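Take a look at the letters that make up each chain.
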Amino acid sequence: MKHPVIIVGGGLAGLISARLLHQAGIDFLLLEARNRLGGRILSADATGQPSDDGFDLGPSWFWPGMQPAIGELVRDLALPFFPQNSDGDVVFQRMSREAPQRYRGLQQEPQSMRLAGGTGAIISALASCLPKASILLEARVTRVALSGPQVEVRFVDASGAERSEMTARVIFALPPRLLESTVSFSPALDAATVRRWRDTPTWMAPHAKVFALYDRPFWREAGLSGTAQSMVGPLMEIHDATTASGKAALFGFVGLSAEQRKAVGRDAMIAASLQQLAQLFGPQAGTPSATLFKDWAADPLTATRDDQVAGGHLTPSTQQWVEGEWHDRISLAGSETSCSEPGYLAGGIEAARRAVAEVAGGLVKSPGDTKLADDRESKP
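Residues numbered from 1 in each chain as written. Predicted model: local features only at pLDDT ≥ 70, side-chain atom pairs only at ≥ 80, totals over all residues. Heavy atoms only, no water.

(A) Spatial organisation of the pairing of strand β13 (residues 169–172). The side-chain alternation of β13 yields two buried faces, one formed by R169 and I171 and the other by V170 and F172. Direction of pairing for strand β1 (residues 5–8) relative to β13: parallel, over a ladder of four bridges. Bridge pairing in β13 links I7 to I171. Bridge count for β13 against strand β20 (residues 330–332) is three bridges, and the pairing is parallel. Bridging across to β20, V170 finds its partner in I330. (Buried < 20%, exposed > 50% of the residue type's maximum accessible area, 1.4 Å probe, protein only. Helix = DSSP H or I, 4+ residues; strand = E, 2+ residues; numbered from the N terminus. Pairing = 2+ DSSP bridges.)

Quick look at the structure:
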C-alpha cells in the first residue's frame, strides 16, 4: 500500500484535505477527474481558459467576518482581496413593457469580498504547497471495494486505462449526490445512506452564468454600481465583475431552468442576455469585446440528472454521512457535508478539516510519525 489515504476530488475541500495531511506527514494520493484542479472554482480568461487573472465562472465572493475559516485561509496564503463594487445606483427591471428603474444603492452589510486574480488564486496557492507526484489529474474514480483491512480504489486514467490503488482510508471531496451517481461501492451502501446522498442538492449545479467583457467599466462613469435585479430575464441578478487588475465585465445569473437553457441554446442565451444588458446599462453594454457562458448543469463532473432542477437550501447537520461497513473506511469532505456552512467555500474548509480528523484518528501510526494537530488549533 503506497498511500494510506486517497483523496477523490481536487476542488477546495480536496486540496485543504491534502494540505492538512501533508502538514501532518501523512502520505496521500489525490485523484481528480478533470484536467485541472479547482472543481467548481474556475477563474477564466476571455477565451474561457483557466487564468491567474480571470473571471469567476463559479464562486466569486466570500465574507471573512461572517466566515472566519475562509478569512484565515486567505490570510494564511497571503492572498490579496478587495470589496465587490457597490458604489453607485442599482437598476430594477420589473416588467418588459416598462423602462428599468434606477434607485440609490445601499452599502452592503456585510461587505462581499473578492480575491485578486479570481477565486482560483486559492487553488493555485494550495496546489503550490503540495508534492506534484501526489496529484493525478484526469483520473476518474469508478468503484471502491473493501478488501480485508484495505480499500481498493479503481479509476480510469487520462489514457483510458483502468487502474487501481490500495489504501487504508478514502476522503471523498465531492458532492454526495455526484458521488452516489458516479462511484459504485462493494459492498453496497445501505439504502438510508444512498437516499441521503441522492437527496442532498449540489451547490451551483443547477445554475448558469453569463459574462460580458468590455474595455472599461463605463457604467461606473454613469453613476451605476453594475448591480441590477430583473423580473424579466433572462438574467435575474447582475453584478459588476471587473477584476482587481481593471478588466471590466458584468455578469448575471440566468433565471431559466437547465431544461429551458438547453432548449434555447448557448448562442441565443448570450444574445438575449446582451440585449437585456443594453436595456439596463445603455447600448454600450450590448457590444462587449467577449462573452463567457458557464452552465454548471451541463457539466457532468458537477451535476447529475437530479440537479437539473434547483433544489432547496442546504441545511447544516451533524448527522453522520457514512453508516454501516463503510463507516470507518471513507469520509465525506464536500462542502455540502459541512456542519456549519454547507455549500459555501468556508463549508468546504470545515468539511475537509473534519474528514482529515476522522481519517487521522483511524490510521495506525508508528511512534516516529508526525501527529496531526488538533483540528481546533490547525490552520486551513
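(B) Expanded view of the layout of surface pockets. If you add up the space inside the largest pocket, you get close to 820 Å³. Forming the boundary of the largest pocket are 28 residues, of which W203, M204, H207, G343 and Y344 lie nearest the centre. When its residues are assigned to classes, the lining of the largest pocket shows 15 nonpolar, nine polar and four charged. Reported here for the second largest pocket is a volume of approximately 540 Å³. Taken together, 34 residues form the lining of the second largest pocket, with R34, A173, L174, P175 and L301 sitting closest to its centre. (1 Å grid on protein atoms, 1.4 Å probe; cavity = no way out; pocket = protein on both sides within 12 Å on 5 of 7 lines; lining within 4 Å. Points joined across faces, edges and corners; volume = space filled by probe spheres on them. Nonpolar A, V, L, I, M, F, W, Y, C, P; charged D, E, K, R; others polar.)

(C) Examining the sheet that holds β13 more closely. Across the sheet, five strands lie side by side as β9-β2-β1-β13-β20; this open sheet has parallel pairing. What marks the edges here is a single partner per strand, and that holds for β9 (135–136) and β20. Contacts from helix α1 (residues 12–23) reach β1, β2 (28–31) and β13 within the one sheet, and its direction differs from that of β2 by about 170°. (Contact = heavy atoms within 4.5 Å. Axes fitted to C-alpha atoms, helices over the stretch in contact; angles between N-to-C directions.)

(D) Region of interest: the packing of aromatic side chains. Counting across every chain of the model gives twelve aromatic pairs. Between the aromatic rings of W63 and Y344, the centroid separation amounts to 6.2 Å while the plane-to-plane angle is 85°, which identifies the pairing as edge-to-face. Taken as a pair, W63 in the loop between β4 (55–56) and α2 (68–76) and Y344 in the loop between β20 and α9 (345–362) lie far apart in primary sequence, 281 residues in all. Relative to W197, the ring of F185 lies with its centre 5.8 Å away and its plane at 65°, an arrangement referred to as edge-to-face. On the criterion of sequence distance, the pair formed by F185 in strand β14 (residues 184–186) and W197 in helix α5 (residues 191–198) is long-range, its members being twelve residues apart. Grouped by ring-pair contacts, the aromatic residues F55, W61, F211, F251 and F253 constitute a single cluster. The aromatic ring of W321 is capped on one face by R196, whose charged end is 3.6 Å from the ring centroid. One residue, K294, lies across the ring of W296, its end atom 4.5 Å from the ring centre. (Phe/Tyr/Trp six-rings, centres within 6.5 Å; stacked < 30°, edge-to-face > 60°. Lys NZ or Arg CZ within 6 Å of the ring centre and 35° of its normal.)

(E) View of the confidence of the model for the chain. In the predicted model, the chain carries a mean pLDDT of 93, and the fraction of residues at 70 or more is 96%. Long-range and interchain partners of residues 365–380, a stretch whose pLDDT sits below 50, account for 29 contacts in this model, where long-range means more than four residues apart. (pLDDT = per-residue confidence, 0-100.)

(F) Highlighting the sheet that holds β14. An order of β12-β11-β10-β14 is seen for the four strands of this open sheet, with the pairing classed as mixed. What marks the edges here is a single partner per strand, and that holds for β12 (162–167) and β14. For this sheet, the mean angle separating the axes of adjacent strands, direction not counted, is 20°. Relative to strand β11 (residues 150–156), strand β10 (residues 140–147) is paired through seven bridges, and the arrangement is antiparallel.

(G) Representation of α1. Look at α1: 16 Å from first C-alpha to last across twelve residues, which is about the 16 Å you get at 1.5 Å a residue. Taking burial as the measure, the twelve residues of α1 include ten buried ones, the bulk of the element. When we look at burial in α1, the residues that qualify are L12, A13, G14, L15, I16, S17, A18, R19, L20 and L21. Looking at the buried side of α1, the elements it contacts are β1, β2, α2, α3 (120–128), β13 and α9. Backbone geometry just downstream of α1 places G25 in the positive-phi region, at approximately 75°. (Expected span 1.5 Å × (residues − 1).)

(H) Local environment of the packing of α1 against α9. Contact geometry of α1 with α9 gives a least axis separation of 8 Å together with a crossing angle of 40°. Taken as axis vectors, α1 and α9 run oblique relative to one another. Between α1 and α9 lies a crossing of right-handed hand. Of the residues in α9, those touching α1 at L12, A13, I16, S17, L20 and L21 are L345, G348, I349, A352, R353 and V356. (Parallel < 35°, antiparallel > 145°, perpendicular 65-115°, else oblique. Left-handed = near helix turned anticlockwise from the far one by under 90°.)

(I) Quick peek at unusual backbone geometry. Each neighbour pair has its own omega, and for S186 with P187 the value is 5°, a cis peptide bond. With an omega of 10°, the peptide bond between G233 and P234 qualifies as cis. Position of P234 among the secondary structure elements: in the loop between β16 (224–230) and β17 (235–240). Not every positive phi belongs to a glycine, and A78 is a case in point at roughly 55°.

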